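Tertiary structure, described
Each chain, letter by letter, is given below.
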Amino acid sequence: MRLVFGSDHGGVTLRRHLAEIARELGHDVVAELGATDESHSVDYPDIAVAVCNEVLAVSGSLGVLVCGTGQGMAMAANRVPGIRAAVLSDGFSAAMARAHNDANVLCLGGRVVGLGLGRTLLVTFLDATFEGGRHGRRVEMLDALERR
Ligand code: RB5
């Protein structure tokens with residue numbers, strides 16, 4: 001799967017860890033954008049938009065955004081039309097965000113989620129598939145909200 005990663009300084013350690021795992025699992029990590037280390041302070045909205053644009057550039061791509069809590073990244077990402085970003089910290093929600101909401105961006109808190117749980121959330125998110133059907137109709141309703 002084509003994946004795009006990004007983080008601010010609050011998420012750089014988890015982002016690096018998860019990007020490496022994704023490569024080991026055979027995914028195509030096309031970019032790692034954002035902070036280079038925890039002392040390199042950057043503004044999360046800029047990173048979120050850059051990652052989302054790269055996700056939207058190729059159909060079927062997914063993004064992973066990490067900041068301190070995941071919240072700021074998700075708020076920024078969900079302002080980009082076509083992006084459905086979910087802040088996740090439990091496995092059930094990680095699966096449902098893809099299966100029911102067709103989420104295309106996973107947001108995590110580098111100061112909330114440990115490396116082990118982060119791996120579980122990433123793998124669960126990537127392994128899940130959108131169920132369509134009634135969920136497809138609801139996702140179309142989300143798209144319609146963008147056109148109001
Ligand atoms: C940066 O200190 C922090 O505010 C940011 O990483 C994120 O948690 C915002 O939502």
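Since this is a predicted model, take the numbers as computed values, not measurements.

Notes on the pairing of strand β2 (residues 28–34)
Side-chain positions along a regular strand alternate between the two faces of the sheet. Note: strand β1 (residues 2–7) against β2, six bridges, orientation parallel. In the sheet register, phenylalanine 5 faces β2, and the bridge partner there is glutamate 32. Handedness of the β1-helix α1 (residues 12–24)-β2 crossover: right-handed.

Here we look at the side chain of asparagine 104
By secondary structure assignment, the location of asparagine 104 is in the loop between α4 (91–99) and β5 (105–109). Judged by relative accessible area, asparagine 104 falls into the buried class, the value being 9%. Only 2.7 Å separates the side chain of asparagine 104 from the backbone nitrogen of arginine 84, close enough to count as a polar contact. Apart from residues no more than four positions distant in its own chain, asparagine 104 is found in contact with Val55, Ser61, Leu62, Gly63, Gly82, Ile83, Arg84 and Phe125.

Section: the packing of α1 against helix α5 (residues 115–127)
Between α1 and α5, the shortest axis-to-axis distance is 10 Å and the interhelical angle comes to 45°. Between α1 and α5, the angle falls in the class oblique. Along this stretch, α1 crosses α5, giving a crossing that reads as right-handed. When α1 is examined against α5, the residues Leu14, His17, Leu18, Ile21 and Ala22 are found in contact with a partner set consisting of Leu115, Gly118, Arg119 and Leu122. When grouped by side-chain class, the residues that make up the contact of α1 with α5 number six nonpolar, two polar and one charged.

Looking at the nonpolar core
Among the nonpolar cores identified, the biggest contains 23 residues, and Phe5, Leu18, Leu88, Leu106, Leu108, Leu122 and Phe125 are the most heavily contacted of them. Here this core takes five residues from α1, the largest share from any one element.

Regarding the site of the ligand
The environment of the ligand is made up of Asp8, His9, Tyr44, Cys67, Gly68, Thr69, Gly72 and Arg111. At 2.7 Å from an oxygen atom of the ligand is found a main-chain nitrogen or oxygen belonging to glycine 68. Arginine 111 has a polar side-chain atom sitting 3.3 Å from an oxygen atom of the ligand. Across the complex, the protein chains shield 71% of the 290 Å² of accessible surface that the ligand would expose by itself. Looking at the shell around the ligand residue by residue, the classes come out as two nonpolar, four polar and two charged.

Focus: the side chain of arginine 98
Inspection of the secondary structure assignment puts arginine 98 in helix α4. Despite its burial, arginine 98 pairs with no opposite charge, the nearest such side chain being aspartate 102 at 4.4 Å. Within the structure, the side chain of arginine 98 is placed 3.1 Å from the backbone oxygen of alanine 128, a separation counted as a polar contact. Leaving out residues up to four positions away in the same chain, arginine 98 has contacts with Met1, Leu62, Ala103, Phe125, Leu126, Ala128, Thr129 and Phe130.

Focus: α1
Taking 1.5 Å per residue as the helical rise, α1 with its 13 residues ought to reach 18 Å, and the 18 Å between its terminal C-alpha atoms agrees with that figure. Of the positions making up α1, those classed as buried are Val12, Leu14, Arg15, Leu18, Ala19, Ile21 and Ala22. In this structure, the buried residues of α1 make contact with β1, β2, β3 (62–67), β5 and α5. Downstream of α1 by one or two residues, glycine 26 has phi in the positive range, about 95°.

What counts and what doesn't
- Residues numbered from 1 in each chain as written.
- Predicted model: local features only at pLDDT ≥ 70, side-chain atom pairs only at ≥ 80, totals over all residues.
- Heavy atoms only, no water.
- Pairing = 2+ DSSP bridges.
- Helix = DSSP H or I, 4+ residues; strand = E, 2+ residues; numbered from the N terminus.
- Right-handed = clockwise from strand over helix to strand, strands pointing away.
- Buried < 20%, exposed > 50% of the residue type's maximum accessible area, 1.4 Å probe, protein only.
- Polar contact = N/O pair within 3.5 Å; in protein donor to acceptor, adjacent residues only side chain to side chain.
- Contact = heavy atoms within 4.5 Å.
- Axes fitted to C-alpha atoms, helices over the stretch in contact; angles between N-to-C directions.
- Parallel < 35°, antiparallel > 145°, perpendicular 65-115°, else oblique.
- Left-handed = near helix turned anticlockwise from the far one by under 90°.
- Nonpolar A, V, L, I, M, F, W, Y, C, P; charged D, E, K, R; others polar.
- Core = buried A, V, L, I, M, F, W, Y, C linked by side-chain atoms within 4.5 Å.
- Near = heavy atom within 4 Å.
- Areas by Shrake-Rupley, 256 points an atom, 1.4 Å probe, with all protein chains shown as cover.
- Lys, Arg positive; Asp, Glu negative; His and termini not counted.
- Salt bridge = Lys/Arg side-chain N within 4 Å of Asp/Glu carboxyl O.
- Expected span 1.5 Å × (residues − 1).

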